[in-house]
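# Summary of the model geometry
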Amino acid sequence: DAGITQSPRHKVTETGTPVTLRCHQTENHRYMYWYRQDPGHGLRLIHYSYGVKDTDKGEVSDGYSVSRSKTEDFLLTLESATSSQTSVYFCAIRVTGDSDTQYFGPGTRLTVL
Amino acid sequence: QKEVEQNSGPLSVPEGAIASLNCTYSDRGSQSFFWYRQYSGKSPELIMFIYSNGDKEDGRFTAQLNKASQYVSLLIRDSQPSDSATYLCAATTGGFKTIFGAGTRLFVKA
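For every chain, the first residue of the written sequence is number 1, and numbering continues from 1 along that sequence. Written order determines the labels here, with chains lettered from A and ligands numbered from 1. Only residues with pLDDT of at least 70 are given local features in this predicted model, and only at 80 or more are side-chain atom pairs given and counted; all residues enter the totals for whole chains, interfaces and linings. The basis for every side-chain value is the complete set of heavy atoms in the structure, and neither hydrogens nor water enter the calculation.

## Structural notes on the overall build of chain A
Rules: The way it works is that DSSP assigns letters per residue, a run of H or I at least four long becomes a helix, a run of E at least two long becomes a strand, and they are numbered from the N terminus. It is over C-alpha atoms that the radius of gyration is taken, and the globule rule equals 2.2 Å times the number of residues to the power 0.38. The classification of residues rests on relative accessible area computed with a 1.4 Å probe and restricted to protein chains. Under 20% of the type maximum is buried, over 50% is exposed, and intermediate values are partly exposed. Note on contacts: a residue pair qualifies if any of its non-hydrogen atoms lie within 4.5 Å across the two residues.
Check the secondary structure of chain A and you find zero helices and eleven strands. Along chain A, helices and strands appear, N-terminal first, in the series β-β-β-β-β-β-β-β-β-β-β. For 113 residues, the compact-globule estimate of 2.2 N^0.38 gives 13 Å, and chain A sits close to it at 13 Å. C-alpha extents for chain A along the principal axes are approximately 40 × 30 × 25 Å. Within chain A, buried positions represent 51% of all 113 residues. For chain A, restricting intrachain contacts to residue pairs at least 6 apart in sequence, the fraction spanning at least 24 positions comes to 54%.

If you want it as structure tokens, here you go:
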């Protein structure tokens, strides 16, 4: 499982509330990613990080922010949750080398009412 | 916009048959290509990666890459009911990113 954990695994919240999802890795990989997965859309990149305090936007970054103060933790924050942010969120790490493969955490199912 | 396209399926095959999953990509600069399997309610797990033209075999799985045609495929031989899942095709692109297709649902009938 590449030593990736996500918390919480499930969350129900109300529109307008802030939400923070945590991704933790144990193997000191430099690159970390946040995706959301919705039916018919596959995995879409929200934000990614290429080092401590180094982050960049993905294709669906509006309404989301991230922070990475330690190598092992990558936080995703929904400043004011909306119903359109109801989704399954996956964190991933990238193993650099010949293939640059990404490995995924178990996911967080978020429901915004 | 860089894309990875897959037939959404579902693809239904009988047990023991060969399942053939296909994918095209738009970014000619893509270097590495991946097939992930995702069971319902679970996270994607890597099956294979390929970065050279031709075939790559791993057990019952064979990945095929044709960079000239921008085409990647996955063959599953002797398909089993446990292979029933959604299969995601992915390709690396610039800026440390990977682009994923929407996935093909595979059903293997016992």
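## What to know about the interface of chain B and chain A
Using the following cut-off: Buried area is a sum: the accessible area each of two parts loses on coming together, probed at 1.4 Å, counted once for each and added. By definition, a salt bridge exists where a carboxyl oxygen of Asp or Glu is found within 4 Å of a side-chain nitrogen of Lys or Arg. Within 3.5 Å is the distance limit for a polar contact, defined as a pair of N or O atoms, with the added protein rule that one can donate a hydrogen and the other accept it, and that residues adjacent in sequence qualify only through two side-chain atoms. In this count, Pro and Cys sit with the nonpolar residues alongside Ala, Val, Leu, Ile, Met, Phe, Trp and Tyr, while Asp, Glu, Lys and Arg are called charged and the others, Gly among them, polar.
Each partner contributes to the interface: chain B provides 20 residues, whereas chain A provides 23 residues. Taken together, both faces of the contact between chain B and chain A bury some 1,600 Å²; the carbon and sulfur share is 58%. Per-residue buried area on chain B facing chain A is highest for Phe96, Lys97 and Phe100 of chain B; these three make up 34% of the total on that side. The tally of links from chain B across to chain A stands at zero salt bridges. Linking chain B with chain A are five residue pairs in polar contact (both at pLDDT 80 or more), by the criterion used here. Elements represented by at least two residues in the side of chain B that touches chain A include exactly β4 (33–38), β5 (45–50), β9 (85–93) and β10 (97–100) of chain B. Looking at side-chain class alone, the side of chain B that touches chain A contains ten nonpolar, eight polar and two charged residues.

## Quick word on the state of the cysteines
Applied cut-off: Only a pair of cysteine sulfur atoms within 2.5 Å qualifies as a disulfide here.
Tallied over the full model, the rule gives two disulfides over all chains. Paired through a disulfide, Cys23 of chain A and Cys91 of chain A show a sulfur-sulfur distance of 1.9 Å. Residues Cys23 of chain A and Cys91 of chain A are joined through a disulfide that is left-handed, its torsion about the S-S bond being -70°. With Cys23 of chain A in strand β3 (residues 19–25) and Cys91 of chain A in strand β9 (residues 87–95), the pair connects residues that are 68 residues apart, well separated along the chain. Just as Cys23 of chain A is buried, Cys91 of chain A falls in that class too. Disulfide pairing is shown between Cys23 of chain B and Cys89 of chain B; the S-S distance is 2.0 Å. Given an S-S torsion of about -70°, the disulfide between Cys23 of chain B and Cys89 of chain B has left-handed geometry. Taken together, the residues span a long stretch of sequence, with Cys23 of chain B in strand β3 (residues 19–25) and Cys89 of chain B in strand β9 at a distance of 66 residues. Overall, the relative accessible area of 2% leaves Cys23 of chain B in the buried class.

## What about the confidence of the model for chain A?
Definition in use: In predicted models, pLDDT denotes the confidence assigned by the predictor to each residue on a 0 to 100 scale.
Scored by pLDDT, chain A comes out at a mean of 94, with 97% of its residues at no less than 70. Model confidence for chain A, summarised as mean pLDDT per element, is weakest for strand β10 (residues 101–104) of chain A at 93 and strongest for strand β8 (residues 73–78) of chain A at 98.

## Some words on the sheet that holds strand β1 (residues 4–7) of chain A
Residue and element names in this part refer to chain A. Quick note on the threshold: In this scheme, strands are said to pair when DSSP sees at least two bridges between them. To obtain each axis, a line is fitted to C-alpha atoms, and for helices this fit is confined to the stretch in contact; angles are then taken between N-to-C directions over 0 to 180 degrees.
Taken in spatial order, the four strands line up as β1-β3-β8-β7 in an open sheet, and their pairing is antiparallel. Two strands bound the open sheet, and with one partner strand each, they are β1 and β7 (64–70). Mean inter-strand twist for the sheet, computed between neighbouring axes without regard to direction, equals 20°. Direction of pairing for β3 relative to β8: antiparallel, over a ladder of six bridges. Across the sheet, the residue bridging to Cys23 is Phe74, located in β8.

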